[in-house]
Amino acid sequence: MIPVMKPWLGPDEAAAAAEAVNSGWVAQGPRVAEFERRLAAKVGAAHGVAVSSCTAGLHLALLALNIGPGDEVIVPSLSFIATANVVRQAGALPVFADVDLMSQNLTADSIEARVTSKTKAVIAVHQVGMPADIGAIAKVCTAAGIELIEDAACAIGSWFRDRPIGSHSRLVVFSFHPRKILTTGEGGMVMTTDEQLADRIRRLRQHGMTVGAYERHSSAGPVVEAYLESGWNYRMTDIQAAVGLVQLDKLDEMIARRRLQAERYRSALSEVETLATPHDPPYGRTNFQSYVLRLEENHPESVAQLIARLEANGISPRRGVMAAHLEPAFAGHPHEPLPNTEHLTRQTIILPMYHTLSDDEQDRVIDQVLDR
Ligand SMILES: *Cc1c(COP(=O)(O)O)cnc(C)c1O
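Rules used throughout
- Residues numbered from 1 in each chain as written.
- Predicted model: local features only at pLDDT ≥ 70, side-chain atom pairs only at ≥ 80, totals over all residues.
- Heavy atoms only, no water.
- Helix = DSSP H or I, 4+ residues; strand = E, 2+ residues; numbered from the N terminus.
- Contact = heavy atoms within 4.5 Å.
- Buried < 20%, exposed > 50% of the residue type's maximum accessible area, 1.4 Å probe, protein only.
- Pairing = 2+ DSSP bridges.
- Axes fitted to C-alpha atoms, helices over the stretch in contact; angles between N-to-C directions.
- Parallel < 35°, antiparallel > 145°, perpendicular 65-115°, else oblique.
- Left-handed = near helix turned anticlockwise from the far one by under 90°.
- Nonpolar A, V, L, I, M, F, W, Y, C, P; charged D, E, K, R; others polar.
- Near = heavy atom within 4 Å.
- Polar contact = N/O pair within 3.5 Å; in protein donor to acceptor, adjacent residues only side chain to side chain.
- Areas by Shrake-Rupley, 256 points an atom, 1.4 Å probe, with all protein chains shown as cover.
- Phe/Tyr/Trp six-rings, centres within 6.5 Å; stacked < 30°, edge-to-face > 60°.
- Lys NZ or Arg CZ within 6 Å of the ring centre and 35° of its normal.
- Salt bridge = Lys/Arg side-chain N within 4 Å of Asp/Glu carboxyl O.
- Arc of directions from axis to C-beta.
- Expected span 1.5 Å × (residues − 1).
- Bend = angle between axes of the 7 residues up to and from the residue.

## As for the side chain of His-355
Consideration 1: Looking at where His-355 falls in the secondary structure, it is placed in the loop between β14 (348–351) and α12 (359–369).
Consideration 2: Residues contacting His-355, with those up to four places away along its chain left out, are Trp-8, Glu-253, Met-254, Arg-257, Arg-258 and Gln-261.

If you want it as structure tokens, here you go:
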């Protein structure tokens, strides 16, 4: 069976995890601090704060901006449901805006149409790694006096204009779930340009505590922590960070391979007029975290039929990105019409793409999609 995704893990990750275990320091400690420094340097962010997941990071990003009950946050419905869930978890109201058909992302116009006097922020997703036009989006946010948070769960190693995602906004959050490109098992990181926000998020991830265990352990004199506010336990472990450091060294290679695979898919599949293949937007570069193929309405096969045929032939694709407003969790949640979102979630399929997918295996996928 050819899966849709397989993380590229090997003996180096296993050795790094074992080294952390053997050191006796397994919770948040020196490896987490090093992972934060190295990833921040890699993407050009001033600060990185590692957390237990991207979901946790987005939750803390909202709390650090004091967003809560009575506030509205604009999000795409076309996203993994965590993007909308975190707004509810902060006590605020998620307001769904529609996305662009090509990039699958919110646009400046779709956001502007949803701004009200209660809007406090936008969570702009770089869907499946495809950069959103955060230049235009930031302009709308600045004009409206609202915050921009980037849900960059899938976008590590993607670029907007001349810099990596992670370096542009006050708050950008990555995921290291195995379905993404760089994995630590579970995990995430908040990147920020703002030192005060970084301090607050560090505190909120560890019960509101001013000093973490490792700082206390490594300081010369006695250190007594204070609890400035009630926080969460959203910490990453040193075992996870050890794996993340090895994965970080492989990131560029992983993205280069995916871009080659994307080009192989494009050259074979774009010949079919009723198939729309993904490509870089004019303002940036995607990491192809997932390869999302769109079937035009007049394509001879439905997405469900194509998935069934691929599965019968040893290939395990996935339906395209979900739409939160169509799920029972958001039944009855008010929203304006979302035509592009509904078209995309119905008409897209995710094809297998991962580092160790061989050319022969990819050709099998292509042959099956083309039914030849
Ligand atoms: C995967 C994903 C998340 C959640 O990431 P976790 O690290 O699993 O919490 C959030 N948003 C988007 C767009 C995602 O793809």
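## Overview of the pairing of strand β8 (residues 171–175)
Consideration 1: Where burial is concerned, most of β8 is hidden: five out of the five residues are buried.
Consideration 2: The alternating pattern of β8 places Leu-171, Val-173 and Ser-175 on one face and Val-172 and Phe-174 on the opposite face, and all of these are buried.
Consideration 3: As paired strands, strand β5 (residues 147–151) and β8 are joined by three bridges and run parallel to one another. Counted as the bridge partner of Asp-151 is Val-173 from β8.
Consideration 4: Relative to strand β9 (residues 188–192), β8 runs antiparallel, the two sharing four bridges. Its bridge partner being in β9, Val-172 is matched across the sheet by Met-191.

## As for the packing of helix α3 (residues 54–64) against helix α4 (residues 82–89)
Consideration 1: The geometry of α3 relative to α4 is characterised by a closest axis approach of 9 Å and an angle of 40° between their N-to-C directions. In terms of orientation, α3 and α4 fall into the oblique class. Of the two possible hands of crossing, α3 and α4 adopt the one that is right-handed. Facing Thr-55, Leu-58, His-59 and Leu-62 of α3, the residues of α4 in contact are Ala-82, Val-86, Val-87 and Gln-89.
Consideration 2: For the contact of α3 with α4, the class distribution of residues is five nonpolar, three polar and no charged.

## Topic: the site of the ligand
Consideration 1: Around the ligand sit 15 residues in total, of which Cys-54, Thr-55, Asp-151, Ser-175 and Lys-180 are the nearest.
Consideration 2: Between the ligand and Cys-54 there is a distance of 2.9 Å, counted from an oxygen atom to a backbone nitrogen or oxygen.
Consideration 3: The contact in question runs from an oxygen atom of the ligand to an N or O atom on the side chain of Thr-55, over 2.5 Å.
Consideration 4: For the ligand, whose accessible area on its own is 390 Å², the fraction buried by protein is 92%.
Consideration 5: Elements with a minimum of two residues in the shell around the ligand: α3 and α4.
Consideration 6: Broken down by class, the residue content of the shell around the ligand amounts to six nonpolar, seven polar and two charged.

## Let's talk about the packing of aromatic side chains
Consideration 1: Applying the stated criterion to the full structure yields seven aromatic pairs.
Consideration 2: An angle of 80° between the planes, with centres 5.1 Å apart, marks the rings of Trp-25 and Tyr-214 as edge-to-face. Of this pair, Trp-25 sits in the loop between α1 (11–23) and α2 (30–43) while Tyr-214 sits in helix α8 (residues 213–218), placing them 189 residues apart in sequence.
Consideration 3: A relative accessible area of 29% places Tyr-214 in the partly exposed class.
Consideration 4: The residue whose ring lies beneath Arg-88 is Phe-330, and the NZ or CZ to ring-centre distance is 3.8 Å.
Consideration 5: Taking NZ or CZ as reference, Arg-285 lies 5.1 Å from the ring centre of Trp-159, over its face.

## Concerning the sheet that holds β14
Consideration 1: The strand order β10-β12-β14-β13 describes an open sheet built from four strands, whose pairing is antiparallel. In the strand order of this sheet, the two ends are held by β10 (275–276) and β13 (318–319), each with one partner.
Consideration 2: Along the sheet, helix α9 (residues 238–269) makes contact with β10, β12 (291–295) and β14, crossing β12 at roughly 15°.

## Comments concerning the pairing of β9
Look at any regular strand and the pattern is simple: side chains alternate between the two faces of the sheet.
Consideration 1: Judged by how many residues are buried, β9 sits mostly within the fold: five of five residues are covered.
Consideration 2: Because side chains alternate across β9, one face comprises the buried residues Gly-188, Val-190 and Thr-192, and the other comprises Met-189 and Met-191, equally buried.
Consideration 3: Here strand β1 (residues 47–51) runs beside β9; their pairing, made up of five bridges, is antiparallel. Bridge pairing links Val-49 to Val-190 in β9.

## A few points about the pattern of salt bridges
Consideration 1: Counted according to the given criterion, the structure contains 25 salt bridges.
Consideration 2: Here Asp-371 and Arg-309 are joined by a salt bridge, their closest N and O atoms 3.2 Å apart. With Asp-371 in the segment after α12 and Arg-309 in helix α10 (residues 303–312), this residue pair connects regions lying 62 residues apart in the sequence.

## Notes on α10
Consideration 1: Burial in α10 covers these residues: Val-303, Leu-306, Ile-307, Arg-309 and Leu-310. Each buried residue of α10 lies within a common arc of 165° when the element is viewed along its axis, so the set occupies one face. α10 presents Ala-304 and Ala-312 as exposed residues on the side facing more than 90 degrees away from its buried surface.
Consideration 2: If you follow the buried residues of α10, they end up packed against β12, β13, α11 (339–347), β14 and α12.
Consideration 3: Gly-314 sits one or two residues past α10 and shows a positive phi near 80°.

## Quick look at α9
Working note: α-helix, 3.6 residues per turn, so residues spaced by three or four point in the same direction.
Consideration 1: A rise of 1.5 Å per residue sets the reference length of α9, with its 32 residues, at 46 Å; its end C-alpha atoms lie 43 Å apart and thus fit the reference within 8%.
Consideration 2: Of all bends in α9, the biggest is about 50°, found at Lys-250.

In short, geometric facts, not functional conclusions.
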